[in-house]
Each structure stands twice: as C-alpha cells, then as structure tokens.
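Spelled out, the chains give:
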Amino acid sequence: MRKNSYWKLCPRWIPTRALIALMCFTNTWTSYMCRLQMPILAVPMINITGSSDVSGACTSDTEKLLKSANGSGNAHHGQKRSVWLNPESYTDDWLIEDYSHAVYRRAVEENGTTIQDGTTESLADETRGSRSRRGIRLFSGEPFDWSPTIRGQLLAAYSYGNVPGNFIGGVIALKFGPRSSVFWTALVAAVISLFSPLIAQIHWGALLFTRVIVGFTGGITFPACHTLVAKWAPPEERGRFIWSLLGGTFGTIFTYPMVAGIAESINWEMGWYLPSILMLIWIVFWMLLAYDSPEEHPGITDEEKQYILSSQAGIVKWKKPSLKETPILKICTSIPFISLVICHFGNLFLLMFYQYSMMLYLTKALGFQLTKGGFLASLPWFARILFGFFFSWAGDRIKKKQLMSIAMLRKGAAIFSHLIPGVCLIIVGYLGCSFIGANVFLFLALGFNGAAAIGNLANNQDLAPNYAGFLYGIMNTIGCFAGIIIPPMVEAIAGQYGNPIEKWQIVFWIGACVTIATMVIFFIGGSGKVQPWNDTYAPDTVAAEGAEAEGANAESEKAQETETA
C-alpha cells in the first residue's frame, strides 16, 4: 500500500537517494527561513529611532548629507552594537534597507516632514504607545514601540536556543532517527512562526521565549541531516550528499527578498504567515519522502537498496545505537575528532565573521551604499553554492578513482576552505575604498569556502558514519560559539574608536589567523580513516553476541558428530 502510494508520487526513474538529498537540501533551506524571519521583519515591525551620525572613510560630504537625511536607515544602522549576539541581524540592514527608505519616504509624503541641515524630524513620536493601547488584532501591520535593547534581544534569542540545540539535536537524531526528529521540530518551528504576530502582541518577552524555542529546533536540523547522509550515501557519492546541506546558504539568498517583498507589498505580519504555511506544506512532503535508511523505505527498488547496502558493507550499521552504546569518552578524547572540531570552529568563525564584520566594515568603516546593490551583495552566497557543487563533484571523482587518500582529500580541501579565504580577508582590509576590489575578494572568500563540503563538513562521516549526526551536533555546538565571540571583539577593537580602517586591519588579521590556524591543526591531527569506536555495539553487547555465536557453533559441531555416527 505504502509502496504503491510512493510510486504514484515519485517516478521510478528518479533514484530514491536523490530524493533524500533533495529533502536534506530543502530541510536546511526551511530551517534558515525560520531563522531569518525575525532579523528581516524586525525592521518594519519595530519602531526605532537612531542618530544622524554618518561614518565612512569613503563617503563624500554630499553622500553623508543624504544618508543622514534617511532617518529610518540610520535607525537600524545604529542598533548594531545592541544586537551583537546574533550574526544574522547585520545582513538584514543592507539587504532590505530599501524597504526602510520606502517607509520613510511614504511618511514624508503623508506627514509633510522636512529635511534640514542633514537631520530628520522623528516621526516615531506620533505613533509611540498606540500599539500598546490596543488589543490583539490581525493583519493590522502596525509597528511596536520597543527599545533598541529589546530588538537586540529578540534577534539574539535564536542563538540562545541554537547553541544547546545542536548538541541535544545530535542525541535526539541518534535516539529517535532523523525522520521523526525533523518532523516534530519543524512542526513546532512552523506553528510558532505562524502565531508569532499574535504572540508579539501579548508581550515582547513571550516572543523572545518562542524565538529561543525556534533556535533550539534549528539546532536539530544539521545533526539529523548528517545522520541521513550516513545511512543513504554510497562512499563515492558522499560529497554530493554533503553539498545538499548547503541548502541553508540558498535559504539565505531566497528568504531575504521573499520575506522583505511580502512585508513591503502587504505588511510585516504576512511575512510571518506565508513562509510558515509554506513550511507546513513542506512537512507533508518530508513525511512522504524521507526515511531513516534504505531498509525502512517502502518505495526504494531492490537494485538501489542492494547497491547502497553493499557499498557501505562493514562501515555502517543499520541498527540505531542507543546513547548508552555511544562511546562518548572515546569520541571526546579522539585526536582526529578534536582536530575536526577545531577545524569546524574555524569554518564557522569565517562564516560568522563574514556575516557580521564584512557588512559592518563596508557600511560603517568605508561608507559604501550596499543597500542599492542587493544583487552584488548576494553573489558571494551564490558563489559558495556553486563552488561547493564543483568541489563536491571533484571530491567524489577523486575518491572513485582513488587518486589520493581520504585524509589528503579532506586536508587539501581545507586549503581552499580556510587558507584562501583567510588570505582574502587580509587583502580586503588593505583595499580601502575599492568597492569592486572588495566585492571580488569577498566573492572569492565565500566561494572557496564551499570546499568545506568535502572538508570539515564531510570528515565526521569518515571517522564514524554510525555516529555522524551525534558528532556533527558536538561540532556545531562548539562552532556556534564563534557567533558570540566575534561581535564584541570587533566592537572592542574597531567599533568603539569610530571604525577607522587602521583598526579594522587588525580585525581582519585576527579573523585570518584564526581561520588559518585551525586549518594547520587539522593538517596535523586530522584523519580520514574510520575510527575503532565506530562500532555501534557496546562491549557487553558484543560479548553477549559472541557467546551466542559460540553456542551456535557448539550445537552445529554436535549435530555434525551425530550425523557422522
């Protein structure tokens, strides 16, 4: 029955493992959609006034005057220091600032506000407190009168839940399997996002609490997907499977214009409703198409099942290990795994350094108008997907032809994902007012980081495919602390001095050194071999099975003796 229903939905010529890879891609995509809703919609849903100070070494006096005339734009530029705990909060400024410009211009036309001497007359006072005096309303689209500190905490709330969510997510994926784990966490995230406009009208603290929960659910996404990859990917196709986990990067590119466009054309409340409804529809397809392993899938062909099982023979166990059977002590003391964790930290340090520091540097230190170059600003993220696909394809070809060892492949990929981006960071710091040059090297930095798909993002599959999701949960838990370290570091070195270029050069050197140093450690301690503790069975279980096997052999020998007699 289930098999017939599956084949009615999916043609037989589509490999089942390709659909699993597609579901992993869309899973990370939808997870990032829930992650980014708050940073995007915080601009239209919260009234915040800012100062008229304009910085930027490359901004002319005329440009500074025009920028200072934009009250709403400066409003959210002025909030960067209060939202340092959330790396995604900074990209919303330059991607949807045009929306704030439009709101301001509309307010000028309707209220007759004038611009004089490079400053603006605040329009927020006319609406302050109006929302708090009204009850819960649907589709009103009215903003809240919240302080910058509240806005910053709302943006940081996702990170509060995401850090522990990654570790616990690895345990949940290990115990319950990725299919059920993703289903329930995605359902919770979608329902919370759907009701977020109503929750926000109760109290901002209620919204903050729900964002922590959404962050926690997001932490389960990647460990669960890595568990799926371990069960479904033949060794020579593992790189392309890992590439499918870059769906979060695609989600970043897609979500910003979609949510911002909905908020601008309709209102900010619909920016919560429509993506949440789309996610609920996606959950139905997840339950129809995603299964924990080929043995559990009702629609996979016998040929494809045997191909996957035979290619993974002796490496992947189909029995789900319990937490008791997980060799936690051996994992935490494994030199190859510790080296991988450090390398992964360097990778996330680079990504979060980019998300926060690059936009702050270009807008505050140099004064570039990135708000009118949304397409150029999104190109580095496209580069990461495209480069990642090329590296994944090349990695699979190298493995299939056995041109080098797995360890050398992973370490070679780290040169592209860590060393080259680190050098690009240093170069950007010395380019000064070269807008084109800065964007070219930002493009290259994030593009070459796509090699992480066959480097640190895949190495956990090499070390222990039976615990791939659990390992990735540990990796991401430690790696996500980079988002807490980077923003205050940048503010302490450059921000408090007015973002001079000379101070930013120090920041770039620190970012490059961390990224490159973690690569060096991975070169020294990393490995591509399956570790002895990959066996899913605990010692007592193995002993019991050995005793059963000996008993069976004894009975067989007795039977043979009887027949001979």
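Quick caveat, the model's predicted, so the values are computed rather than measured. (Residues numbered from 1 in each chain as written. Predicted model: local features only at pLDDT ≥ 70, side-chain atom pairs only at ≥ 80, totals over all residues. Heavy atoms only, no water.)

Visitor: Looking at this structure, how should I read the overall build of the chain?
Guide: When you go through the chain residue by residue, the secondary structure sums to 23 helices and two strands. Counting every position in the chain, which comprises 565 residues, the buried fraction comes to 57%. In the chain, once contacts between residues fewer than 6 apart in sequence are set aside, the share between residues at least 24 apart is 85%. (Helix = DSSP H or I, 4+ residues; strand = E, 2+ residues; numbered from the N terminus. Buried < 20%, exposed > 50% of the residue type's maximum accessible area, 1.4 Å probe, protein only. Contact = heavy atoms within 4.5 Å.)

Visitor: Just to check I follow, could you spell out the packing of helix H9 (residues 204-232) against helix H20 (residues 468-479) for this structure?
Guide: Angle between the axes and distance between the axes are the two parameters that describe a pair of packed helices. Contact geometry of H9 with H20 gives a least axis separation of 7 Å together with a crossing angle of 150°. Pair H9 / H20 crosses with right-handed handedness. Every residue of H20 that contacts H9 at Phe-222, Pro-223, His-226, Thr-227 and Ala-230 is listed here: Ala-468, Gly-469, Tyr-472 and Gly-473. Counted by class, the contact of H9 with H20 contains five nonpolar, four polar and no charged residues. (Axes fitted to C-alpha atoms, helices over the stretch in contact; angles between N-to-C directions. Left-handed = near helix turned anticlockwise from the far one by under 90°. Nonpolar A, V, L, I, M, F, W, Y, C, P; charged D, E, K, R; others polar.)

Visitor: Mind showing me how you'd approach the environment of Ala-394 here?
Guide: With respect to the secondary-structure elements, Ala-394 resides in helix H16 (residues 374-401). Here the alpha-carbon distance between Ala-394 and Arg-240, two residues 154 residues apart in the chain, equals 9.5 Å.

Visitor: I keep staring at the confidence of the model for the chain and nothing clicks. Help me out?
Guide: As a note on interpretation, predicted positions should not be read in detail where pLDDT is low. Scored by pLDDT, the chain comes out at a mean of 74, with 69% of its residues at no less than 70. Of the regions scoring below 50 in pLDDT, residues 49-54 engages in 17 contacts with residues more than four places distant in sequence or in other chains. Below a pLDDT of 50 lies the segment residues 370-374, which in the model reaches twelve contacts outside its immediate sequence neighbourhood of four places, other chains included. (pLDDT = per-residue confidence, 0-100.)

Visitor: Where do I start with H9 in this structure?
Guide: Note that an α-helix has 3.6 residues per turn; residues three or four places apart therefore point the same way. Spanning 29 residues, H9 covers 43 Å between terminal C-alpha atoms, matching the ideal 42 Å at 1.5 Å per step. Counting buried residues along H9, 22 of its 29 residues qualify, which places the element largely inside the surrounding structure. (Expected span 1.5 Å × (residues − 1).)

Visitor: Explain H20 to me, please; I cannot follow it from the model alone.
Guide: Here H20 contains twelve residues, and its C-alpha end-to-end distance of 16 Å stays within 8% of the 16 Å for a straight helix at 1.5 Å per residue. H20 sits mainly inside the fold: eleven of its twelve residues count as buried. Listed as buried for H20 are Ala-468, Gly-469, Phe-470, Leu-471, Tyr-472, Gly-473, Ile-474, Met-475, Asn-476, Thr-477 and Gly-479.

Visitor: Would you explain the pattern of salt bridges in this entry?
Guide: Where side chains of opposite charge bring their charged atoms close, a pairing between them can arise. Under the defined criterion, the tally for this structure stands at three salt bridges. Where Arg-410 meets Asp-462, a salt bridge forms, and the shortest distance between an N and an O atom there is 2.5 Å. Linking Arg-410 in helix H17 (residues 406-429) with Asp-462 in helix H19 (residues 456-463), this pair joins segments that are 52 residues apart in sequence. Judged by relative accessible area, Asp-462 falls into the buried class, the value being 5%. (Salt bridge = Lys/Arg side-chain N within 4 Å of Asp/Glu carboxyl O.)

Visitor: When you look at the packing of aromatic side chains in this model, what are you seeing that I'm missing?
Guide: The description of two aromatic rings rests on the distance between their centres and on the angle between their planes. Tallied over the full model, the rule gives 16 aromatic pairs. When the centroid spacing of 6.2 Å and the interplanar angle of 35° are considered together, the rings of Phe-222 and Tyr-472 count as tilted. One end of the pair, Phe-222, is in helix H9; the other, Tyr-472, is in helix H20, and 250 residues separate them in sequence. Here the two residues Phe-222 and Tyr-472 agree in accessibility, since each one is buried. (Phe/Tyr/Trp six-rings, centres within 6.5 Å; stacked < 30°, edge-to-face > 60°.)

Visitor: I keep staring at the packing of helix H7 (residues 178-194) against helix H12 (residues 268-289) and nothing clicks. Help me out?
Guide: Put simply, H7 and H12 touch, their axes get as near as 9 Å, and they point 160° apart. Taken together, H7 and H12 sit at an angle that is classed as roughly antiparallel. In the packing of H7 onto H12, the handedness of the crossing is left-handed. Along the contact surface, H7 presents Pro-178, Arg-179, Val-182, Phe-183, Ala-186, Leu-187, Ala-189, Ala-190, Val-191, Ser-193 and Leu-194, while H12 presents Trp-272, Tyr-273, Ser-276, Ile-277, Met-279, Leu-280, Trp-282, Ile-283, Trp-286 and Met-287. Among the residues forming the contact of H7 with H12, the class breakdown is 18 nonpolar, two polar and one charged. (Parallel < 35°, antiparallel > 145°, perpendicular 65-115°, else oblique.)

Visitor: How should the nonpolar core be read in this particular structure?
Guide: A general trend in soluble globular proteins is that nonpolar side chains are found buried together. Among the nonpolar cores identified, the biggest contains 117 residues, and Met-45, Trp-146 and Phe-337 are the most heavily contacted of them. Met-45 has contacts with Met-38, Pro-143, Phe-144, Trp-146, Ala-200, Leu-207, Trp-268 and Trp-272, leaving out every residue within four places of it along the chain. The next biggest cluster of nonpolar side chains, apart from the first, holds six residues, and it includes Phe-391, Ile-398, Leu-409 and Ala-451. (Core = buried A, V, L, I, M, F, W, Y, C linked by side-chain atoms within 4.5 Å.)

Visitor: I'm lost on the environment of Gln-306 in this one. Help?
Guide: Tracing the chain through its elements places Gln-306 in helix H13 (residues 302-311). Given a relative accessible area of 49%, Gln-306 falls into the partly exposed group.

Visitor: In this structure, what is going on with the side chain of Lys-399? I would like to understand it.
Guide: With respect to the helices and strands, Lys-399 occurs in helix H16. An unpaired buried charge is present at Lys-399: no salt bridge exists, and Asp-462, the closest side chain of opposite charge, is 4.8 Å distant. Setting aside residues no more than four positions away along its own chain, Lys-399 makes contact with Pro-235, Arg-238, Ile-406, Leu-409 and Arg-410. (Lys, Arg positive; Asp, Glu negative; His and termini not counted.)

Visitor: Mind showing me how you'd approach the environment of Asp-145 here?
Guide: Checked against the element boundaries, Asp-145 lands in the loop between strand E2 (119-120) and helix H6 (148-176). Each C-alpha atom of the pair Asp-145 and Met-45 lies 9.0 Å from the other, and the pair is 100 residues apart in sequence.

Visitor: Mind showing me how you'd approach the state of the cysteines here?
Guide: Two cysteines form a disulfide when their sulfur atoms are joined by a covalent bond. Summed over the entire model, instances satisfying the criterion amount to zero disulfides. Of the cysteine sulfurs around Cys-225, a residue in no disulfide, the closest is that of Cys-24, at 4.2 Å. Residue Cys-225 is classed as buried on the basis of its relative accessible area of 0%. (Disulfide = S-S within 2.5 Å.)

Visitor: Before we go on, may I ask you to explain the side chain of Asn-162 in this structure?
Guide: In this fold, Asn-162 is placed in helix H6. Once residues within four sequence positions are removed from consideration, Asn-162 is found in contact with Arg-35, Gly-215, Phe-216, Gly-218, Gly-219 and Cys-480.

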